[in-house]
Amino acid sequence: MLFRSVNKTFTPTLFAEFVSSWARWWFDRRGLSNGFDPTQLGFPPYLAANSKALGIPSIAPGEMASLGAYNNEHDIADRVEIKANVSKVSGKHTFKFGALYDLGKYISNLHSSADGTYSFSKAFTQGPSPFNGALESGFGYASYLLGTMSSGAHNPGELHSFFTQPYFGFYFQDDYKVTPKLSLNLGIRWDDETPRTERNNQIANFNFTGTATLPNGTIVRGGPMYPGVGGLPRGYWNANHKNFAPRLGFAYSLTNATVLRGGYGMFYANAWGSGRNGNGMPATGFVCSTPVATSLNNGLTPYAVLSNPFPTGFCTPSGSTAGLLTNLGQAMDMIDRNQKVPYAESWDFDIQRRLPTNTVFEIAYSGSRGIHLAGTEEYDQLNPQYMKLGAQLNSSVPNPFYGVITTGTLSLPTITLGQSLRPYPQFLSVTSKNATYGASTYHAMFLRVEHRFSNGFGVLVSYTLSKLIDDVIPSLTGFPGENFSSSPPQNYYNLRGERALASWDTPQTLAISAVYELPFGPGKPLLNWGGAPGKIVGGWQVEGIALFQSGSPLQITGGNDSGTFAGTQRPNSNGRDAALSGPVTDRLGEYFDTSAFSLNAPFTFGNVPRMMPNLRGPGTANVDLSIFKNIRVNDKFRLQLRAQASNSFNRVQFAFPNTTITSSLFGVISAQLNTPRDIQLALRLQF
């Protein structure tokens, strides 16, 4: 990383800062099995012959951990930034304005699981009938022994691209001292993150209304289109240069000890950060992943098996020359050209009061509204109006694409009635992982009491009571160390039905931090000794941090297939509150009342909400303690001896229970989320 900053004072009231930086992120990963021929494991020779790279395939045999996986990744990301900030003081006003130019570049060369991923569930070993499986029957490992897969793909991860995206920003702000008691902050910001481009125009969009004629005369609607081809701009979403974000804030001294503060602002999101995660850079048509045809009738009978996983061959990338007919018979991942820039509106009101003994009390309200939040959307879901056909959706009808599509399930003489009724039946799916249809609402009350460090003691206590609601779970969710749910919507025709508590809603959080300098040694009230004894008993300090937090809501998933090629399936609830009381340790085998849920009938949607409003995972209660001693060696050097204990009371933080109704472990907590007590000793020389 290179960084350069220059500060310049032009006059006593005009000064500026100029900053330039360049940062490079480099990542390279190679799998231990690279070069291994999967034919040695019993896979057919055609698998190795058609794989762009060789390694041990990824196999997930039911309830067991995944085995194998090939990885070959080489990524380079560059970020160049140039900005200037200027301040001008004029009477009661302090004007601030600045500009920013940012250029992001990203090179990706990826082969992930090139010779296949193969997963197994208990579906094909679960009875008593294909339409109604008993919860206690079936075993994923048994399905693995039979070779009947639940899902799989050949060459599922591949990307060889060079991306560029400039960003321009400008802001203006006026800090206005209206009166000695009242200050205003008025400002506006303009953000212009120009649409990302790919050097070879390999990123796919989708034309929802265009038509094309197949060689056999069949007319199809919809298909890929590519930036920079056929008159489309090179950016792979439509530009929006109207992203103006106002800011307003005030501070008012009600008395010498009480201050009121408030503000409002709009904040636009940055689209660059996700990189290729969540398939945010879909090179459909230039790379090709062939899914395993596990069944031709929605799971009634198996078709492809592990010993012959691709009996109908592999898809071949065609580039963009075929236009709307690109990638026929395959899954279609794309970027919607009409996607919006996500943004948030935030507002708050705050009261601070200075109390005696160097203590501050604060109470605040904070709210926000997220707009155009990104999530997964499946544009090729069968309209739910056809669910009334029931089992007829699995019946076979003549394939209008027979002889034109040559690989995959859509190359066979017949397809299912359900597939033929999809909006774009020539594809297995039409998916955007960055569809900006979502919204969120957040309200919170915040309390804080702080005794600022004095007389050897300081403490900070903060409490938050909040509620977060949204209708979208992004493709990537959660933070390191957290356990958040993620799933696509159950029914894309009813996105309003996804509105529920957010998967990371945490209604109550209490945090306490304290530091105490022990009252021993020179200058202290106790054992005020000089010389060596004073150095031994003095200089000791104790610190502690405690965090108590509610658990986030649970998501109950699994159920019979709705037959609509939709997202995450959810079961039914009988309306009874499934929450159970008592210590978590008494509920490890049944954390909640599992009898409150049942499988939905085939060809229906379950009535369970996306996130359960009254079921939460185990909360957090953690205390970290440390004690250290400062030893002054001389005027320049000081030694610090430190002992720290994370999770000091060795409290178990249980993981979430299993929330998949079709699992034999439904409702069971089988893991620990945190680590046991960790004690560290350190000796540090400070100078």
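In what follows, the accompanying structure is described.

Definitions and limits used
Residues numbered from 1 in each chain as written. Predicted model: local features only at pLDDT ≥ 70, side-chain atom pairs only at ≥ 80, totals over all residues. Heavy atoms only, no water. Helix = DSSP H or I, 4+ residues; strand = E, 2+ residues; numbered from the N terminus. Buried < 20%, exposed > 50% of the residue type's maximum accessible area, 1.4 Å probe, protein only. Phe/Tyr/Trp six-rings, centres within 6.5 Å; stacked < 30°, edge-to-face > 60°. Lys NZ or Arg CZ within 6 Å of the ring centre and 35° of its normal. Contact = heavy atoms within 4.5 Å. Salt bridge = Lys/Arg side-chain N within 4 Å of Asp/Glu carboxyl O.

### Digging into unusual backbone geometry
The phi torsion at N358 lies on the positive side, around 60°, for a residue other than glycine. In this model, N650 sits at a positive phi of 55°, which is unusual for a non-glycine residue. Topologically, N650 is positioned in the loop between β29 (638-646) and β30 (678-686). A relative accessible area of 37% means that N650 is categorised as partly exposed.

### Examining the packing of aromatic side chains
Taken as a whole and judged by the stated rule, the model has 22 aromatic pairs. Ring geometry for F206 versus F427: centroids 6.1 Å apart, planes at 70°, classification edge-to-face. Separated by 221 residues along the polypeptide, F206 in strand β11 (residues 205-213) and F427 in the loop between α3 (417-420) and β21 (429-454) bring together distant segments of the chain. An aromatic cluster is built from F43, Y46, Y118, F310 and F314, whose rings are joined through pairwise contacts. For the cation-ring pair, R199 lies above F162, with the distance from its terminal atom to the ring centre recorded as 3.9 Å. The positively charged end of R422 is found above the aromatic ring belonging to F565, 4.0 Å away from the centroid.

### Focus: the environment of T258
When you line up the elements, T258 lands in strand β14 (residues 258-268). Residues in contact with T258, not counting those within four places in the same chain, are Y252, S253, I351, Q352 and R353.

### Details of the pattern of salt bridges
Here the structure, examined in full by the defined rule, presents 13 salt bridges. For the salt bridge of D102 with R79, the shortest nitrogen-to-oxygen distance reads 2.7 Å. You can see D102 sitting in strand β5 (residues 93-112) and its partner R79 sitting in strand β4 (residues 71-90), a full 23 residues away along the chain. For D102, a relative accessible area of 5% gives the class buried. Among the salt bridges present, the one from R576 reaches D593, with a minimum N-O distance of 3.1 Å. Here D593 lies in the loop between β26 (572-573) and β27 (597-598) and R576 lies in the loop between β26 and β27, a separation of 17 residues in the sequence. What makes R576 partly exposed here is its relative accessible area of 41%.

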